[in-house]
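The residues making up each chain are set out below.
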Amino acid sequence: METAIFYIAALVAALATLRVVTHVNASHALIYLVVSLLAVAVIFFLLGAPFAAALEVVVYAGAIVVLFLFVVMMLNLGRTSVERERGWLRPGMWIGPAVLAAVLLVSFVFVFWGTDAKTSGEMVGPRAVGIALFGPYIIAVELAGFLLLAALVGAWHLGRRYLEERRGADDFPEEDASPDEAAPEASAEGNA
Amino acid sequence: MDLLWLVPAAPLVGFLILFVLHDYLPKVVAAVVGAGSVGVSALAALLVGMDYYEAGAEPTWQLLWTWMSVAGFDPAIRLYLDGLALAMTGVITGVGFLIHVYATGYMWNDHEEPEGYARFFAYMNLFVFAMLMLVLGDNLLVLFLGWEGVGLCSYLLIGFYHRDPANGYAARKAFVVTRVGDTFMALGLFLMFRELGTIEIQQSLTLANEQWSGGDTTMALIIGLLLLGGAVGKSAQVPLQTWLPDAMAGPTPVSALIHAATMVTAGVYLIARMHDIFLISPEAQLAVAVVGLATLFIASFTALVQTDIKRVLAFSTMSQIGYMFFALGVGAWSAAIFHLMTHAFFKALLFLSAGSVILALHHEQDIFKMGGLWRKLPIPFASMLIGSICLAALPFTSGFFSKDVIMLTAFEHASHGLVFWGGAAIAAFMTALYTTRMMIIVFFGEERSEAHDSSRLNMWGPLLVLCALSLLGGWFGFGVVADVLPDGGLGEFSHFSAVALVTMAMPFLGIFVGWLVFGRRVIDVEALAASKAGNALKRFFFGGWGFDWLYDNAVVRPVMWVARINKGDIVDWIYRITVAVTRGAHHVGSLTQSGRLRWYAANMAFGLALFFLIVLGVIG
Amino acid sequence: MPVAVPIEHVLALAGLLFLLGLIGVLVRRNVMFLLMSLEVMMNAASLAFVAAGARWAAPDGQIMFMFILALAAAEVAVALGIVVQLARRFESLDVDNADEMYG
């Protein structure tokens, strides 16, 4: 029974992903992406990784895709963009990448096949993951924290309007020089 | 002994002060610092010398610091004091101090370089420092440092009046020609280090004696000749003598200090310091004698026809240093250093009094535009007269004591005694002759120019002291180097043998002939010089026996020709082609840089696929 | 409840998803679709990790999944910022417009 569920979920994931790649409407493609992610979450659960499955749903489907949706709405990708997408996606364009992908897939399968191993069928729960994460992987966790911080700063910088208004300007606008805001933070950090 | 460090340190400090602050120092301060630092150095040298004798005249070391310490090689900045170093230090600081004092007056109203007063003294102090490091250095590295340092200062001071390109040319010539010698010397030092494994001078000489003495002396010969090459370049001996006459482009105190009293005698010092090498290899020592004799001969003939008073003195200096080399070559070691000292006295005196004459005539150096000056310029005349009789080596002057010993030692030379003595005697005759000519033309005869002697105490004071030193400097003997040099002090000779009498008579003969020819005009010199053979000979002598012409055609012109042919720099083509190829490859490579994200991603995927296929053995 | 399926099947699914994403990256000119395809590719990589973790009943696979998650979050934050800038500057989401950095 569970084995059947696995193959069904795999099929759903593959088909949904195919639609993500081929769809011309961004919103619909995102919905397919959510479907694909949920299917993969089911597979995670079946592979004995419930914590990963939960994170897949919460973070991927819940947060990241929502972020995509925000941007899609912000940029107002309506009917005209669907038409444009359709114009961009000519059938001839698929041939090259498809051949390339086919070659790679054959190689992958050729390598994987015949290992004759099965997944353990045992569950690795959140407790074990947490212990390992904050044990041997603690440095990597710190580094991931740095990465997220850097992404935060980068996103904040890229999102500002002056980049567009003052192209080529090398000075910062006055609004950035806000000592009133910076000072309490600095002192708070100092106390901490 | 503790003050030994102060001897070189004082001029160094003086140099640093003057060099850093030269725009801000008033002239008086610059003069006090410039001359005072050398004065302090001289005083320290005096105290050090007294201590040295009180302590029993034993060689002493003073370690200042270790230069570096790498893999067992740890050259130290260490001072070494023995009789030879003490004698040199005394000359450098003593005569140097007098010349510095003189220069404070000489350079005071300098019209060519009015802003350069402090700069002048900065260079002079640096020179004194470098020269002291050269003679006090305990290892070859420090010696070489000083050696190059004095060369640098010589270059800077010859070209001191840098607004005239000719002076810059003279400075470059001096630098390049001495560099030829320096290369030989550097090679010699490298070879010594390689063969003996140490750069400590005393230690290496001991080792040299142990290794080569009595055995195969080829290495000693090679090293000796290389060192002689360095000495020849620095001391303006044949065949690298051509730079010294041109070096007279510098201010006269520079000529007195660097190109008469101290730097040009560095070669003599070097050979005396390394005397063990030359004792091991008699061939090398013979080469020293031959070089000295040749220079002595050529320079004294050349001096006879010069018209520039400083060039006369320059050629005279060359010939006197030739005497020193000659003395070293024939084994009169102590006499060579003795002559170095007396020569420093009387040649500095001659240069400084010539400087006074030149200054009084508003920088006129042509002796034929002088004449009859003895009444107007009594002090320069008197001092120049004293300097001249010392140069001509009349009995009981300092020059006599040193030169006499050299010639009599030469006569006793084992293999070539008579030739050596004869050549030196002829040169002694020539010395007296050209000195007489110079004195008669400059100070007697009709007056040809206006002269204003404006010298003050700081100019005639040093002249007076140098007069006393020149006259009396030879009376007290010269025992200071007896423990250092192999001949154990000056040789003792009877002054009543035939050879001694002839030797003594030579200067008188020269003066007499000079008086007849240039004073009484028994022979019409102008007519002689105007005749075809006479003119050719005169031009040959005037040009320094054609050495400049030879080098110009043999070295300078071919090099210039090659440089002109090779304007495009053939060797550079290798690099230009490399650059072109690299650039072309870059252009080809940059064609793939379309700037399109998807193109890059496709290439990556393609590469990955290719990689997989190769790994799986499908292709390749 | 966990199943014991052959690991080849899981990895094949991961490879399939990855290559679908790759095709999307190579074909789509709209930068939004390009980013979605990237997400698919990263998700496929996560699946491979989790499958490997399940094979040995070890937590490391899931930990790698979490790092990929962090990476994806960071990437999306920055990339969407760039998308916004791209849309403002070029009035278009065509990624081929931003090809000024050619050799």
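Up top you'll find the structure we're talking about.
Cut-offs and rules
- Residues numbered from 1 in each chain as written.
- Chains lettered and ligands numbered in written order.
- Predicted model: local features only at pLDDT ≥ 70, side-chain atom pairs only at ≥ 80, totals over all residues.
- Heavy atoms only, no water.
- Helix = DSSP H or I, 4+ residues; strand = E, 2+ residues; numbered from the N terminus.
- Contact = heavy atoms within 4.5 Å.
- Areas by Shrake-Rupley, 256 points an atom, 1.4 Å probe, with all protein chains shown as cover.
- Phe/Tyr/Trp six-rings, centres within 6.5 Å; stacked < 30°, edge-to-face > 60°.
- Buried < 20%, exposed > 50% of the residue type's maximum accessible area, 1.4 Å probe, protein only.
- Patch = residues over 30% accessible without salt bridge, like charges linked within 9 Å, V, L, I, M, F, W, Y side chains within 5 Å.
- Salt bridge = Lys/Arg side-chain N within 4 Å of Asp/Glu carboxyl O.
- Axes fitted to C-alpha atoms, helices over the stretch in contact; angles between N-to-C directions.
- Parallel < 35°, antiparallel > 145°, perpendicular 65-115°, else oblique.
- Nonpolar A, V, L, I, M, F, W, Y, C, P; charged D, E, K, R; others polar.
- Core = buried A, V, L, I, M, F, W, Y, C linked by side-chain atoms within 4.5 Å.
- Buried area = accessible area lost by both parts, 1.4 Å probe.
- Polar contact = N/O pair within 3.5 Å; in protein donor to acceptor, adjacent residues only side chain to side chain.
- Pairing = 2+ DSSP bridges.
- Expected span 1.5 Å × (residues − 1).
- Left-handed = near helix turned anticlockwise from the far one by under 90°.

## Considering the overall build of chain B
Here is step 1 of the chain: Along its length, chain B carries 25 helices and two strands.
Here is step 2 of the chain: Sequence-distant contacts, at least 24 apart, represent 81% of the contacts inside chain B between residues at least 6 apart.
Here is step 3 of the chain: For chain B, the exposed surface amounts to about 25900 Å²; the carbon and sulfur share of it is 70%.

## Considering the packing of aromatic side chains
Here is step 1 of the chain: Under the defined criterion, the tally for this structure stands at 26 aromatic pairs over all chains.
Here is step 2 of the chain: Geometrically, the ring pair formed by Phe108 of chain A and Phe612 of chain B is edge-to-face, given 5.5 Å between the ring centres and 85° between the ring planes. You can see Phe108 of chain A sitting in helix α5 (residues 95-112) and its partner Phe612 of chain B sitting in helix α25 (residues 597-615), one on each of two chains.
Here is step 3 of the chain: Phe108 of chain A gets classed as buried once you look at its relative accessible area, which sits at 14%.

## With respect to a nonpolar patch on the surface
Residues and elements named next belong to chain B.
Here is step 1 of the chain: On the surface, a cluster of nonpolar side chains totalling about 770 Å² of accessible area is made up of Leu3, Trp5, Leu43, Leu46, Leu47, Met50, Leu64 and Trp65.
Here is step 2 of the chain: For the nonpolar patch, the elements supplying multiple residues, two or more each, are α2 (27-54) and β1 (60-66).
Here is step 3 of the chain: With four residues, α2 is the single largest residue contributor to the nonpolar patch.
Here is step 4 of the chain: Secondary-structure assignment places Leu43 in helix α2.
Here is step 5 of the chain: Residue class for Leu43 comes out exposed when judged on its relative accessible area of 54%.

## Brief notes about the packing of helix α3 (residues 50-75) of chain A against helix α2 (residues 31-56) of chain C
Here is step 1 of the chain: Viewed as axis vectors pointing N to C, α3 of chain A and α2 of chain C meet at an angle of 170°, and their least axial separation amounts to 11 Å. When the axis of α3 of chain A is compared with that of α2 of chain C, the two are roughly antiparallel. Residues Glu56, Tyr60, Ile64, Phe68, Val71 and Val72 of chain A of α3 of chain A lie in contact with α2 of chain C, whose contacting residues are Met32, Leu35, Met36, Glu39, Met42 and Asn43 of chain C.
Here is step 2 of the chain: When its residues are assigned to classes, the contact of α3 of chain A with α2 of chain C shows nine nonpolar, one polar and two charged.

## Structural notes on the nonpolar core
Here is step 1 of the chain: Counting 199 residues, the largest nonpolar core has Met274, Ile277, Phe325 and Ile337 of chain B as the members making the most contacts within it.
Here is step 2 of the chain: Among the elements that line this core, the one with the most residues is helix α15 (residues 333-360) of chain B, at 19 residues.
Here is step 3 of the chain: Filtering out sequence-adjacent residues up to four positions away, Ile277 of chain B remains in contact with Met192, Leu205, Ala208, Trp212, Ala220, Ile223 and Gly224 of chain B.
Here is step 4 of the chain: Counting 70 residues, the second-largest nonpolar core is a separate cluster that includes Phe44 and Val129 of chain A together with Ile68 and Ala87 of chain C.

## Thoughts on the side chain of Asp94 of chain C
Here is step 1 of the chain: With respect to the secondary-structure elements, Asp94 of chain C resides in the segment after α3 (60-90).
Here is step 2 of the chain: A residue is classified by how much of its surface remains accessible, and Asp94 of chain C, at 5% relative accessible area, is buried.
Here is step 3 of the chain: With residues near it in sequence (within four places) discarded, Asp94 of chain C still touches Trp88 of chain A together with Arg29 of chain C.

## Quick look at the interface of chain C and chain B
Here is step 1 of the chain: Residue-level contacts link 14 residues of chain C with eleven residues of chain B.
Here is step 2 of the chain: Across the interface of chain C and chain B, roughly 970 Å² is buried in total on both sides, 58% from carbon and sulfur atoms.
Here is step 3 of the chain: At the junction of chain C with chain B, the criterion picks out two salt bridges.
Here is step 4 of the chain: Where Arg596 of chain B meets Asp96 of chain C, a salt bridge forms, and the shortest distance between an N and an O atom there is 3.9 Å.
Here is step 5 of the chain: Where chain C packs against chain B, one counts three residue pairs in polar contact (both at pLDDT 80 or more).
Here is step 6 of the chain: The residue makeup of the side of chain C that touches chain B, split by class, is nine nonpolar, one polar and four charged.

## Notes on the pairing of strand β2 (residues 76-81) of chain B
Residue and element names in this part refer to chain B.
Here is step 1 of the chain: Of all the six residues making up β2, five are buried; the element is thus mostly covered by neighbouring parts of the structure.
Here is step 2 of the chain: When β1 meets β2, the two strands line up antiparallel, connected through six bridges. Along β2, the bridge assignment pairs Thr66 with Ala76.

## Re the side chain of Ser281 of chain B
Residue and element names in this part refer to chain B.
Here is step 1 of the chain: Topologically, Ser281 is positioned in the loop between α12 (275-280) and α13 (282-305).
Here is step 2 of the chain: Note on Ser281: relative accessible area 0%, which makes it buried.
Here is step 3 of the chain: Setting aside residues no more than four positions away along its own chain, Ser281 makes contact with Thr217, Ala220 and Leu221.

## Looking at the interface of chain A and chain C
Here is step 1 of the chain: On the side of chain C, 71 residues touch chain A, which itself brings 86 residues to the contact.
Here is step 2 of the chain: When the buried surface of chain A facing chain C is broken down by residue, Tyr60, Phe68 and Trp88 of chain A rank first, second and third, together holding 9% of it.
Here is step 3 of the chain: One can count one salt bridge joining chain A with chain C.
Here is step 4 of the chain: At the boundary of chain A and chain C, one finds ten residue pairs in polar contact (both at pLDDT 80 or more).
Here is step 5 of the chain: Those elements that place two or more of their residues in the side of chain A that touches chain C are α1 (2-22), α2 (26-46), α3, α4 (79-88), α5, α6 (126-133), α7 (138-158) and α8 (162-165) of chain A.
Here is step 6 of the chain: Per-element tally for the side of chain A that touches chain C: the top contributor is α3 of chain A, with 13 residues.
Here is step 7 of the chain: For the side of chain A that touches chain C, the residue count by class is 64 nonpolar, twelve polar and ten charged.

## Regarding helix α5 (residues 140-158) of chain B
All names here are of chain B.
Here is step 1 of the chain: With 19 residues, α5 should cover 27 Å at 1.5 Å per step; its first-to-last C-alpha distance of 27 Å lies within 8% of that length.
Here is step 2 of the chain: Those residues of α5 lying buried are Leu140, Val142, Leu143, Gly146, Trp147, Gly149, Val150, Gly151, Cys153, Ser154, Leu157 and Ile158.
Here is step 3 of the chain: The distance from a side-chain oxygen at the start of α5 to the backbone nitrogen of Leu141 is 3.1 Å, and the residue carrying that oxygen is Asn139.

## Quick look at the environment of Ile92 of chain B
All names here are of chain B.
Here is step 1 of the chain: Mapped onto the elements, Ile92 comes out in helix α3 (residues 83-106).
Here is step 2 of the chain: In this structure the C-alpha to C-alpha distance between Ile92 and Ala45, which are 47 residues apart in sequence, comes to 9.7 Å.
Here is step 3 of the chain: In contact with Ile92, not counting residues within four places along its chain, are Phe97, Val128, Met131, Leu132, Val135 and Thr262.

## Looking at the pattern of salt bridges
Here is step 1 of the chain: Enumeration over the complete set of coordinates arrives at 18 salt bridges over all chains.
Here is step 2 of the chain: For Arg29 of chain C, the salt bridge goes to Asp94 of chain C, with nearest N and O atoms at 2.8 Å. One end of the pair, Arg29 of chain C, is in the loop between α1 (7-27) and α2; the other, Asp94 of chain C, is in the segment after α3, with 65 residues separating them in the sequence.
Here is step 3 of the chain: With a shortest N-O distance of 3.9 Å, Asp96 of chain C and Arg29 of chain C are connected by a salt bridge. Residue Asp96 of chain C is located in the segment after α3, and its partner Arg29 of chain C is located in the loop between α1 and α2; the two are separated by 67 residues in the primary sequence.
Here is step 4 of the chain: Overall, Arg29 of chain C belongs to the partly exposed group, its relative accessible area being 22%.
Here is step 5 of the chain: Overlapping salt bridges, with partners in common, bring together Arg596 and Arg598 of chain B together with Arg29, Asp94 and Asp96 of chain C in one network.

## Re unusual backbone geometry
All names here are of chain B.
Here is step 1 of the chain: Along the chain, Val238 connects to Pro239 via a cis peptide bond; the corresponding omega equals 5°.
Here is step 2 of the chain: Within the fold, Pro239 resides in the loop between α8 (218-234) and α9 (243-246).
Here is step 3 of the chain: At Ala393, a residue that is not glycine, the phi angle is positive and equals roughly 65°.
Here is step 4 of the chain: Tracing the chain through its elements places Ala393 in the loop between α16 (378-392) and α17 (398-411).
Here is step 5 of the chain: Exposure remark for Ala393: the relative accessible area of 7% places this residue in the buried category.
Here is step 6 of the chain: A positive phi angle, near 75°, is found at Phe396, a position not held by glycine.
Here is step 7 of the chain: The residue Phe396 is located in the loop between α16 and α17 in this model.
Here is step 8 of the chain: Residue Phe396 is classed as exposed on the basis of its relative accessible area, which comes to 53%.

## A short note on the packing of helix α4 (residues 117-136) of chain B against helix α11 (residues 266-273) of chain B
Residue and element names in this part refer to chain B.
Here is step 1 of the chain: As a packed pair, α4 and α11 sit with axes 10 Å apart at the nearest point and diverge in direction by 15°. Relative to α11, α4 is oriented roughly parallel. The two elements α4 and α11 meet at a crossing, and its hand is left-handed. The residues of α11 that touch α4, namely those facing Met131, Leu134 and Val135, are Ala266, Tyr269 and Arg273.
Here is step 2 of the chain: Classifying every residue of the contact of α4 with α11 gives five nonpolar, no polar and one charged.

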